[in-house]
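Read off the chains here:
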Amino acid sequence: MKNILLKLIFTYDNQFISTFESDEVIDNYPRQVASAYSFVNPKKTAAPMLLAYSKSAAQQIGLTEEQALSDDFLQLFSGNNVPTGMQPFAMCYGGHQFGHWAGQLGDGRAINLAEIQTPSDGHKVLQLKGAGPTPYSRTADGFAVLRSSVREFLCSEAMYHLGIATTRALSISLTGDKVVRDMFYDGNSQAEFGAVVCRVSSSFIRFGSFQLPASRKDTDLVKQLVDYSIHRDFPHLGEPCKAAYLKWFEEICQRTCQLIVDWMRVGFVHGVMNTDNMSIIGETIDYGPYGWIDDFDLNWTPNTTDAQGKRYRFGAQAEIAQWNLFQLANAIFSLIEDAEPLQTALNNFAKNYHQMWQKMMASKLGIELTSELLTEEQLNLFVSLEDILMLVETDMTIFYRLLATLPDQNSKWLTHLMPCFYNEQQITDDYQINLNTWLINYVALRNQNTSSRVEIIASMNLVNPKFILRNYLAQQAIELAEQGDYSMIADLQKVLEKPYDEQTEFEHFAQKRPEWARNKAGCSMLSCSS
Ligand code: AMP
Ligand code: MG
């Protein structure tokens, strides 16, 4: 492996660390921190090994393939070598976890290596996840295991290629160290492979970043953070002032709304929408016990920690996002000192969500909208589909792809849609009548379109992915990786780069969840232990 001297390649801009005062304490031990961040170095690893990297994320930060395969890259992005000039730091934030205020949380196992200017994509922060303890690690170890790192790596990039706002994943490396985890908190601890993912984003600031200083009545820091966020990521809002603060909040509501609509479109369930896991720039952040919808179920949550309350279930994500935005509004109230416009923005979130959801559904179904307001017929069709999809176990992803190519003859509909059903026995006469009625209404509306059948199919396939990171596929890739076989990570990376394309050579990755995966840990149930 060549040494490429990556340190000479990056242009540091250090925007965050030069704006905010750092924690005065330099030693690395768990503590309460009043500042926005603490300097901390990643832990050296025993025997780092690069498992995979994302070519397009590397390109985004200006690295060539040769550089990404260099020893410098591995040493840097596994946390082993911090070149002169880099000043790694962990950020301080708080958050509501499962609806309860949790106080200071912070980057317990994330370390920002550097803030850089990329050649063509502006400012980016390079962040290691799983690179060892920080002052925010509380009682935990600061490390991450292979399984959760594979999940974060593959899903970040899958999300990006689906065209959904997300933090990127540049690389995943094994550390060569073992990490002990009790996966289901049942007393069965095991030593697992440690791994580090390098994430990339223009901002890792979270709703909880504002909540923590607000909870401490540190209004100066709240203001400084909001001003920074406006300058850095919302420059079009102009110089910070009361009006700009409000616009900033409104835009965060908008971006968050778009994000949730996108998640609903592709069947993504985040699983831990705590306010510390909500990005201020509206990106998907912190891939933990997330899951992808196999059979359409608005009540499904992948997170075993949430199995009782199902707070973060698929169908509740918009409501929870609004709840989280309400917490953000509280945190910045001191800057605006007027509850009414904040309340209006929150109310508009619900209104916007419904409108954007309707547009999204129209695009998924290939129904052209002729006005902003849906007809009653259209709205009924969209809403009743959710009931139909939940009557019997129906694979959401396969359903929409098949719906695009629904045959003209009514008599062929059921056979055509058969591959999306999980249990043939559920396809009773009653169900068939329900489905048929819905399809008749659907076809009638679709026939009112001005575009041709071919055009409709093409437009539907642009919003209905054929390939998602199915839970069982991620689990298979993990089990192979744990045996030292990384080929499935590479295959999934490849197929998920073009999720909307047919890619017939990868048909096996478009299959619905096999029966063995129905109740298997990792496939349908995940804990926060990672
Ligand atoms: P999460 O909900 O997974 O995003 O994590 C909630 C909080 O716990 C964050 O402050 C994390 O940094 C922290 N955390 C999670 N896992 C670990 C770990 N293994 N070591 C240290 N901190 C952790
Ligand atoms: Mg988190």
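Treat the numbers as computed from the prediction; the structure is a model and nothing was measured.

**A word on the packing of aromatic side chains**
Inference 1: If you walk through the whole model with that rule in mind, you get 23 aromatic pairs.
Inference 2: Consider the rings of Phe234 and Trp248, whose centres lie 6.4 Å apart with planes at 75 degrees: the pair is edge-to-face. One end of the pair, Phe234, is in the loop between α8 (219-233) and α9 (242-266); the other, Trp248, is in helix α9, with 14 residues separating them in the sequence. Neither residue differs from the other here; Phe234 and Trp248 are each classed as buried.
Inference 3: The interplanar angle of 80 degrees and the centroid separation of 5.9 Å between the aromatic rings of Phe296 and Phe314 together place this pair among those described as edge-to-face. With Phe296 in the loop between β12 (291-292) and α10 (317-331) and Phe314 in the loop between β12 and α10, this pair connects stretches of sequence that are 18 residues apart.
Inference 4: Aromatic ring contacts, followed pair by pair, group Phe16, Phe20, Tyr37, Phe39, Phe89 and Tyr228 into a single cluster.
Inference 5: Over the face of the ring belonging to Tyr290 we find Arg151, whose NZ or CZ atom lies 4.0 Å from the ring centre.

**Comments concerning the packing of α10 against helix α12 (residues 339-365)**
Inference 1: Running from N to C, α10 and α12 cross one another at 165 degrees; their axes reach a closest spacing of 10 Å. With respect to α12, the axis of α10 lies roughly antiparallel. As α10 packs across α12, the resulting crossing turns out to be right-handed. The segment α10 lies against α12, with Ala318, Ala321, Gln322, Leu325, Phe326 and Ala329 engaging Leu342, Leu346, Asn347, Phe349, Ala350 and Tyr353.
Inference 2: Partitioned by chemical class, the residues of the contact of α10 with α12 number 10 nonpolar, two polar and no charged.

**Thoughts on the pairing of strand β7 (residues 110-117)**
It is a general feature of regular strands that their side chains alternate between the two faces of the sheet.
Inference 1: Of all the eight residues making up β7, seven are buried; the element is thus mostly covered by neighbouring parts of the structure.
Inference 2: Bridging between strand β1 (residues 11-12) and β7 involves two bridges; their strand directions are antiparallel. Counted as the bridge partner of Thr11 is Gln117 from β7.
Inference 3: Pairing between β7 and strand β8 (residues 123-129): seven bridges, direction antiparallel. Note on β8: the bridge partner recorded for Gln117 is His123.

**Considering α12**
Inference 1: Along its 27 residues, α12 runs 39 Å from first to last C-alpha, staying within 8% of the 39 Å computed at 1.5 Å per residue.
Inference 2: Looking at where α12 begins, the residue whose side-chain oxygen comes 3.3 Å from the main-chain nitrogen of Glu340 is Asp338.
Inference 3: One or two positions beyond α12, positive phi appears at Gly366, with a value near 70 degrees.

**Some remarks on the coordination of the magnesium ion (ligand 2)**
Inference 1: The protein atoms donating to the magnesium ion (ligand 2) are Asn277 (OD1) and Asp286 (OD), with metal-donor distances spanning 1.9 to 2.2 Å. Across the pair, exposure class does not vary: Asn277 and Asp286 are buried alike.

**Some words on helix α14 (residues 396-404)**
Within an α-helix, residues lying three or four positions from one another point in the same direction, as the helix has 3.6 residues per turn.
Inference 1: Counting buried positions along α14 yields nine of nine residues, so the element is predominantly enclosed.
Inference 2: Met396, Thr397, Ile398, Phe399, Tyr400, Arg401, Leu402, Leu403 and Ala404 are the residues of α14 that are buried.
Inference 3: For α14, the secondary structure elements touched by its buried residues are α9, α12, α13 (376-391), α15 (413-417), α16 (429-446) and α17 (453-461).
Inference 4: The N-cap residue of α14 is Asp395: its side-chain oxygen and the backbone nitrogen of Thr397 are 3.3 Å apart.

**What about the domain arrangement of the chain?**
Inference 1: Domains assigned within the chain are domain 1 (4-204) and domain 2 (367-448).
Inference 2: Centre-to-centre separation of domain 1 and domain 2, based on C-alpha positions: 44 Å.

**Thoughts on the pattern of salt bridges**
Inference 1: Following the criterion strictly, the structure yields 26 salt bridges and no others.
Inference 2: Measuring nitrogen to oxygen at the nearest pair gives 2.8 Å for the salt bridge that ties Arg147 to Glu192. Here Arg147 is found in helix α6 (residues 146-161), whereas its partner Glu192 is found in strand β10 (residues 189-201), with 45 residues between them in sequence. Both residues of the pair, Arg147 and Glu192, belong to the buried class.
Inference 3: Glu479 serves as the salt-bridge partner of Lys520, at 3.0 Å between the closest nitrogen and oxygen. Here Glu479 lies in helix α18 (residues 471-482) and Lys520 lies in the segment after α19 (487-495), a separation of 41 residues in the sequence.
Inference 4: Overall, Glu479 belongs to the partly exposed group, its relative accessible area being 31%.
Inference 5: Here the salt bridges share partners, and the residues they tie into one network are Lys129, Glu152, Arg199, Arg206 and Asp286.

Reading the values: rules and limits
- Residues numbered from 1 in each chain as written.
- Chains lettered and ligands numbered in written order.
- Predicted model: local features only at pLDDT ≥ 70, side-chain atom pairs only at ≥ 80, totals over all residues.
- Heavy atoms only, no water.
- Phe/Tyr/Trp six-rings, centres within 6.5 Å; stacked < 30°, edge-to-face > 60°.
- Helix = DSSP H or I, 4+ residues; strand = E, 2+ residues; numbered from the N terminus.
- Buried < 20%, exposed > 50% of the residue type's maximum accessible area, 1.4 Å probe, protein only.
- Lys NZ or Arg CZ within 6 Å of the ring centre and 35° of its normal.
- Axes fitted to C-alpha atoms, helices over the stretch in contact; angles between N-to-C directions.
- Parallel < 35°, antiparallel > 145°, perpendicular 65-115°, else oblique.
- Left-handed = near helix turned anticlockwise from the far one by under 90°.
- Contact = heavy atoms within 4.5 Å.
- Nonpolar A, V, L, I, M, F, W, Y, C, P; charged D, E, K, R; others polar.
- Pairing = 2+ DSSP bridges.
- Expected span 1.5 Å × (residues − 1).
- Polar contact = N/O pair within 3.5 Å; in protein donor to acceptor, adjacent residues only side chain to side chain.
- Donors = N, O, S within 2.8 Å, 3.2 Å for Na, K, Ca; no water.
- Domains from an automatic or database assignment.
- Salt bridge = Lys/Arg side-chain N within 4 Å of Asp/Glu carboxyl O.

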